[in-house]
Structures are given as C-alpha cells and as structure tokens.
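What follows is the residue order along each chain.
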Amino acid sequence: MIPGKENTGKSTSSQTGKVGSFAFFDVEHFIRRLIRNWYWFALMAALGYAISWVYSKYYAQRIYASNLSLSISNNTASYFTPNQSINFIWGQNGNQDGIYLKKMLLSRSHNEYLVKQLDLFINYSTKGLIKQTYLDKYDSPVFLEVDKNHNQQVNYTITLIPKGGDRYEVILPEEGESTSLYSYVTESFNTVSPYPRPANKVISLNEWYVSPNLKFKLVKNPQPTPIRLENILLTLSTVNQTVNDLVSTIGVDFDKEINTIMIISKSGYNLNGTVNFLNTSVDELQRKRLIDRNTVDKNTESYLYDNLSKIRKKLDSSAQVLNHMKVSEGLYDIKDRDEKALERIKDLESKKAELLTRINSLNNIRNTLASQNLDRMISMNAAGIEDGIFSATVSELKALYLKRRELALIYTPNSEPMREINRLINEARGNSTGSIRNYYSTYLNEIAKIDRQIADESVDLVAYPEKERKYLDAERGYNMIEATYNTLLAKQNETQIRVATNKSDITVIDPAKNLGQGPIAPDVQRTKYSIIGGLLLLPLLIIGISEALDNRIRNIKELLQATRIPLLGVIGKNTHDNNLTVLEQPRSSISEAFRGIRANLRFLHKEDNKSKVILLTSSVGGEGKTYISINIASVLGLSGKKTILLGMDLRKPKIFGDFKIDNKYGISNYLTGEVEMDKIINQTKIPNLHVATSGPIPPNPSELLMSERNVEFIQDLKEIYDYIVIDSPPVGLVADPFELMKYADASIYVVRHEYTEKYMLKMITEKYQNQEVQNLGLVYNDYQHQQGYGYGYGYGYGYGYGYFDEDKNYQEPTLIKVRNKLRKLFGRS
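First things first, this report covers the structure right here in the doc.

Here is what the cut-offs are and how they apply
Residues numbered from 1 in each chain as written. Predicted model: local features only at pLDDT ≥ 70, side-chain atom pairs only at ≥ 80, totals over all residues. Heavy atoms only, no water. Helix = DSSP H or I, 4+ residues; strand = E, 2+ residues; numbered from the N terminus. Buried < 20%, exposed > 50% of the residue type's maximum accessible area, 1.4 Å probe, protein only. Contact = heavy atoms within 4.5 Å. Areas by Shrake-Rupley, 256 points an atom, 1.4 Å probe, with all protein chains shown as cover. Pairing = 2+ DSSP bridges. Axes fitted to C-alpha atoms, helices over the stretch in contact; angles between N-to-C directions.

Right, let's talk about the overall build of the protein chain for a bit. Looking only at helices and strands, the protein chain has 24 helices and 23 strands in total. Counting the 829 residues in the protein chain, one finds 45% classified as buried. For the protein chain, long-range pairs separated by at least 24 residues make up 78% of all intrachain contacts whose partners lie at least 6 apart in sequence. About 42,800 Å² of surface is accessible on the protein chain, with carbon and sulfur atoms providing 52% of the total.

What follows covers the sheet that holds strand β1 (residues 64–72). Pairing within the open sheet is antiparallel, and its 4 strands lie in the order β13-β14-β1-β15. Unpaired on one side and paired on the other, β13 (250–254) and β15 (506–510) mark the two borders of the sheet. The average undirected angle you get between the axes of adjacent strands in this sheet is 30 degrees. In terms of strand pairing, β13 meets strand β14 (residues 261–268) through 5 bridges, oriented antiparallel. Bridging from a neighbouring strand, D253 pairs with I263 of β14.

Here the focus is unusual backbone geometry. Omega for the peptide link from A521 to P522 comes to -5 degrees, which places this bond in the cis form. Position of P522 relative to the elements: it lies in the loop between β15 and α12 (524–549). Notably, E187 is not glycine yet its phi reads approximately 55 degrees, a positive angle. Relative to the helices and strands, E187 resides in the loop between β7 (180–183) and β8 (188–191). With a relative accessible area of 22%, E187 lands in the partly exposed category. Positive phi values are uncommon outside glycine, yet D782 reaches one of about 65 degrees. Among the structural elements, D782 can be located in strand β23 (residues 776–783).

So, in structure tokens, the structure goes:
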C-alpha cells in the first residue's frame, strides 16, 4: 500500500482540522542544524575565551578590599561619644554609639580631613601598552606635593618619565588647558586669563614646576619601591569630588553576635591604599574621640565646681540659721514629732533637689546650644541623662557650624549654599531642643508629683506650735540644700575619675593588613562565562530565527500529516550531470527509488483503462518536476511498456536538452496545426520510450493546452501507448494543470526537500480534500540522505550495504561508527 493512502478516506473532525496545517517550528530539524553547525559554536567558544582572556589581562581594573574590626567600650561619658547604656532604643538594639561612629566614619568632615591629611586628591597610576593600572601613593618612587596657595588644574593628566639620577620629565597633554582653576584653600574654582600650553620640562626632586595652571614639586618616597615604573601618571581632583568618591567605597557593618564590634571595609583599585586609609581613619577617629571626651568632661568638671561653690555658700548659711535657732530658741528636740513622716519628707525633698539640679544642668545645655559655642558643652550625665541620639545631633550641629563658617568665607549670606546650611542647622537645632523639652517635661512632672506627696505628708505638721514649725522648716531647707550639694559632689567625683582615666573608647581588634587578598571585582570568571555564553548564544539565535522564518518543507512525516495525500516515493539528491539518472545510472539508489514509484502508481490509476495517463506538476519551478517526469517515463519504458513523455510546460521547455532532441518542432506546433503528430514524436535510446518536446514558446500556451485539439491529441496517443507521462506547468503559477488533470488517470505532485514552501501546498491540499482532484500522489524530491530513514518509501533502506553504485564511495558517519563500536564492545562483555 502507498504510504499515507490509508489516511485518504473520510477524516474525523479532529483530523480535518489538522489538514493543511504545518508546525510553526521544527524542533528536530533545529537540533540537526545545531549539530551540523557545531564548528560555529566551537569557534564562538574559542573567540569568547580569547576575548575574556584579553579583557582579564589588559582591560579589567581589579578592585581590592581590606577590612578592620574594632570594639567600642561602654564607659563613654561625652556628648560627642554617646554611651552604650542608653535609655532609648535605636531600631531594635541599643547600639547608638556604634551608629554614631558609623555616621562619623561616613561623615564629610572626617573624610575631608583624611583627604587633606593623606593627599588623597592626588591619583597615581601607570600605563602599559594597553592597560592603565592604579597605584597606591607608596608604590610610586616619588610623591607629588602641590602648592595649595597656587591655583591648580584638576582632572588634567601629568605624566612623569624617569630620566635617571632623580630627574623626571614632566609631560602635559597636547590640549585641554583650562582657564577655570581650582583653589585647595577655598575649595572653589577661579577663572584666569587664557595662557599658552605649558611646555614639557625635566625637573629634579624638590624642584618646583611652575606653570599658569600648575605648581608642584616631586618628593622622594622614603620607602624603597620594588616595582620599576616606566611612567607615572598623576591627576588632581577636587576635595569634594574625592570625598564623594571615597565615601562610596567605605562600608560599615556590625557583628551579628556582638553589636559593639564594628567591621569597617574599604574598596579601591590598590590594596595598599585601602589598608593605609583604614588604619589612618581609625587612628584619627581614636584621637578625635579622646579629645571630645576630655573636652566635655573638663567642661562638666568646671561647671560642677562652680555650682558646688555656690551651693556650699547656701549650705553654710542654712547651717548657721539652724544652729542659731537651736541656741536662741533652745530647740534641740521636739516632743512627739513624727519621725517616720519627717524621714519620708526628707527623702522626697532629696529627690526633688536632685531633679532641680538636673534641670539646672539642662538649662546650661540649652543655653550653650543657643550660644552656638558647643565647645563649652557639658556632659548630659550632669543632667542624669545618657542619650546617644541627642549626642549625635549635637555632634552633627557642631560640624554644621564649622561648615557654615567655611562657607561664609566664600558665599554671600543670601546665597543658595548658605540658605541650605542654615536650613540644616535649624533642623538639627530643632531636633536637639525638642529632646531637651521632653526631659524638661519629664522632670517637671516628677517634681509636681513629689510636691503633692510632700504636701500630703506635711498635713500633720500644722498641729505643731509656730516656733517648732519654724525649726522644722529650717531643718528641711538645710536637708534639701545638703542633698543638692551631695548630688553635685558625687557628679564631680565621677567626672574627676573620668578625666584622670580617660582614654579612647575605641579598641582595634584586627587592623587592616595586606595579606595578598585577591580582587573582589570584577568577577573575571563570571565575565568569561558571560562573554562565552553570549557568543554561543549568537549562532543559536541566528539559527533559531532563521529556522522560525524558514517556511520550507523538510519533514516527510509532517508533510503527510498536513496534506493527507499519499506518498509514492522519496527521491534522493541527484549528483548526476543530467536528468537521465535511470538511463545512465540504473544501479543507483535513485533509480531504485523511481522503480518503487512505478510500483506504487498502480494504486492510483484505474485498472480498467487500457492506457494510463500520468500527469506531473508542482508548486513552482525548480522543484524537479521535469526531472521526475523524465525518470518515471524512463523506468516505464525500460519495463517494456510503450511510453511517451509529453513536454506540456510550453512556457519553459526543458526536456529536449537532456535527450539531445531538436526543439524546432514540438507540441506547440502540433496544437496550432503547423505539423502532424509524427513530426513531433522523437525516439530515445530506450526502444519503448518516445518523447514529444514542447516546441517553440507560443503566445497563448493556456489556450493551446485547454483546446479540443489537445484533448484529441491525448486520446490519439492513448491508442498507441501504454503510458502517457505529461510534464505540465506548476499549479502555483498557472491553472493549466488542473484542466489537464481531468484527462489524467493519476497525478503526481512533486515536493522538493527544503525548497517547497509550506503555504504553497495549501491549494492542492484543499482541492484534494474537497475531492476536486483525485488519484493524486506525492513524490518527495532531493531528499538529503540520513542513516536509517526512508525504509518503505523506496529510498535509503539498503544504502551502505553494497546494493547500489554509491556504496563504493560510502563512508559511515562518525556517530554511527561510535555506536557500532560500543555495541560490539558491550556485545563482547
């Protein structure tokens, strides 16, 4: 049975829906194309590896990081070093001192100091043939020392070339001189008059290089440098730009288990540079913390001393009054006095005295904030408060005051920078005074509560005689002043101990070190895989897109499922010089495939006909319709059947060339009545095969093919020949073949592998399903051989096993060789 013939009956509704519909994407063919194009993937992988290697070696700027860990002690007493043991919770932990330190480490004032102290606004690097490498200051054999009183051009590359003997040639860019120069004193830009390009010059160490836009000298690095540099590139930056770039590379985290341990990290292009910066930064932080702590404690000590002097005088005066009453009034003891009530009143008045002392300290702090002279600030401990948030606010306010004084030297009072700094000061001051108001409210509420309790306890004192009441009032006054004095004295002792034992509350656990740490960025491995993956994706995308856009037929199974037209046979790729494959290569696999088609034709044409008319057509030209016609006619003639091949593609005559026949007279001449039938019929090398060529191209080919004379011509030939093979025009271009199919016993539709477009089959499929065309079969032409495919289709079932002429040149595919060897190996085991 013809393959696919069993599906030509009545289709179910689901099958009908699939007729004419092809898959959008052929996964199998896509995978085969990927395998066939493996060399592109290998090339892209090699290219990606080469690019990533060049990038890693010559272009990738390594970024290194070092870190330092420190511990914050919890015995802080300064405004500017807030205590760990606080009354307010920041977030969900009490590490306000650590948060304050983090703010300080990331603050502009701290990092600006480091930038100026370490000259971080000078960038050192060296350049090879391709890559520029950043250097630490101490990697350079010389340091650049700029004259900060001279205007300098920033972002302007200075190249130093060693000339031997501590001499260096200064080479400046060919262009790029600017009239806007930067002052490191005012940290602002100044405009100067235009000037010519400064000349290159050879200078010695400690010799000033002076030009309109630069003034600097070179100082020898006291430490020997192991690397010999061919050149040194120097670039100046503004302080603000350097600080901003610097802060973005600093990270501060807290230990997850002990939140008083801080881990500070710094990233940069040079490992030594990050190490030096971290250690210097923490050294400066320790120094400032100690200064701040001593300043506040000494201010507190002075404040307490002054208040103790005043309270001492009040205490002496109160003691004299009390003694006078004892002597003059003789009141040494009061009968029936309620000692318990008096003791409770004494305790309450002592608490009130302490609260009043705290309020006095708050008054001093508030007045100091109002005066803007924060260097005279006393400790919040004097007010009985330990508030890290308030301390951080005061520290911020102090920094803002300093910044405003600096800006006042540059900008006018109504300028935008001054308005902004004033806004920030007012905001910080509001935050600090708001905290103080909260404490005032708390203390006053407590005092009011104590006053009520004292009043309740004093009700029974009204019953005492007037003289005894006066004595009790004097005694209570003395006790209250004494309680205040004792409170201040205790605070003074605490402060004096702190002043005597003060040291930085920051302890370095692990200093930053150069331990040969590898770079943290860029991720060279990830970059390499990304580059290789991206290049591998390129052929994958190209093949995938081309596969999606390619609408050609390449899958026999899909072709049969979509068209439901029987398949007569599969013809392989013709490698012969002409179309006479059956005649000149009778033992080839292709010739055998045509014999298979001959055998399958009996399922299409009617058995009761004496003569059989076989029509061949296709969608468009170039699909091998003429080639199939010639060889089908050849196998029919070679089988002993009297056969004639008619070239009825009158628009593009082809047959005469293969058979070497003169096309002067042909079917077109006969149909116009110019010649008789015997004039156009030609003998071939096959005795039973005759050929009638198309003849000259007529002006009206369609009218001739559909004429009555052509019908009579076919009927006359049926009386003479067993088979009439008609090579008709393509149905996708003209309608002639559909008229000729009416007179054919069997029609063959030629589909060429990877040539015929899928949409071209829609018309013939619809006509076949609607039974407008009957006795139709497909021939799949120019199929590329694949091992094991086509068994039962008349092609490929014996290829490589000595049946055909091609077998002498047959080479078994590599994958098949490997498979067979594996089978043999496991078969032995």
